[in-house]
Amino acid sequence: MSASSSLSTSTGAGASAGAAPVSPWLNVMVEFERPPVPDQDEMSRSERYHHLQAIAQHHRQELEAWIANQGLDAEVKNLGEAMTFDLLFATVTPQAAAALHRAPGVAAVTPANGLYNQSGTDLPYD
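Residues numbered from 1 in each chain as written. Predicted model: local features only at pLDDT ≥ 70, side-chain atom pairs only at ≥ 80, totals over all residues. Heavy atoms only, no water.

Chemist: Explain the pattern of salt bridges here, please?
Modeler: Oppositely charged side chains can pair when the atoms bearing their charge come close. What the rule picks out here adds up to 1 salt bridge. Taking the shortest distance from any N to any O, the salt bridge between Arg60 and Glu64 comes out at 3.5 Å. In this pair, Arg60 and Glu64 both sit in helix H1 (residues 45–69), 4 residues apart, roughly one turn of the helix. For the residue pair Arg60 and Glu64, the accessibility class agrees, reading buried in each case. (Salt bridge = Lys/Arg side-chain N within 4 Å of Asp/Glu carboxyl O. Helix = DSSP H or I, 4+ residues; strand = E, 2+ residues; numbered from the N terminus. Buried < 20%, exposed > 50% of the residue type's maximum accessible area, 1.4 Å probe, protein only.)

Listed below in structure tokens is the structure:
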């Protein structure tokens, strides 16, 4: 699965054609705990960037596995690409947003309305 691929495109468990979705989708920002980073003097700027990107990708992969393990695939519509700032954006149900707080390595899950557009590509001011 690619970093920007959707985990699921369903509208929630029990939803049927023509029926209102069981839960509305929410845009959230998932922030990961940041592990210690080697001293800047020990790495070039490029090396530091690649190191942080690798950590962020690892966190995303762990979160994706945790979501599957918890049976939340249908509750997660989109899991965005991990960023070097150790965060990503996701489109989830309220139940999944609450559950993500329990995921290993997750420091915070906050509403991203106003920060994230429907396409998941732009920040602020649509």
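Once the structure has been displayed, the description carries forward.
Chemist: Before we go on, may I ask you to explain the sheet that holds strand S4 (residues 106–111) in this structure?
Modeler: Hydrogen bonds along the backbone pair up the strands of a sheet, which may run parallel or antiparallel. Strand order in the open sheet made by the 4 strands is S2-S3-S1-S4, with antiparallel pairing throughout. Two strands in the sheet have a free side with no partner beyond their single neighbour: strand S2 (76–79) and S4. Sheet twist, expressed as the average angle between the axes of neighbouring strands with direction ignored, equals 25 degrees. By the bridge criterion, 6 bridges tie strand S1 (residues 26–32) to strand S3 (residues 87–92) in an arrangement that is antiparallel. Bridge pairing in S3 places Met29 opposite Phe89. (Pairing = 2+ DSSP bridges. Axes fitted to C-alpha atoms, helices over the stretch in contact; angles between N-to-C directions.)

Chemist: Help me understand H1 in this model?
Modeler: Every α-helix winds through 3.6 residues per turn, so residues three or four apart in the chain are directed the same way. Taking 1.5 Å per residue as the helical rise, H1 with its 25 residues ought to reach 36 Å, and the 36 Å between its terminal C-alpha atoms agrees with that figure. Buried within H1 are the following residues: Leu52, Gln53, Ile55, Ala56, His59, Arg60, Leu63, Glu64, Trp66 and Ile67. Elements that come into contact with the buried residues of H1 comprise S1, S2, S3, helix H2 (94–100) and S4. The first or second residue beyond H1 is Gly71, which carries a positive phi of 70 degrees. (Expected span 1.5 Å × (residues − 1). Contact = heavy atoms within 4.5 Å.)

Chemist: Can you walk me through the nonpolar core in this structure?
Modeler: Among soluble globular proteins, nonpolar side chains are generally buried collectively. In this structure, Val30, Leu63, Trp66, Ile67, Val92 and Leu100 are the most contacted members of the largest nonpolar core, which totals 19 residues. Every element with two or more residues in this core is listed here: S1, H1, S2, S3, H2 and S4. Considering each element in turn, this core owes the most residues, 4 residues, to H2. When sequence neighbours within four positions are dropped, the list of residues in contact with Val92 reads Pro24, Trp25, Leu26, Val28, Glu75, Val76, Ala97 and Leu100. (Core = buried A, V, L, I, M, F, W, Y, C linked by side-chain atoms within 4.5 Å.)

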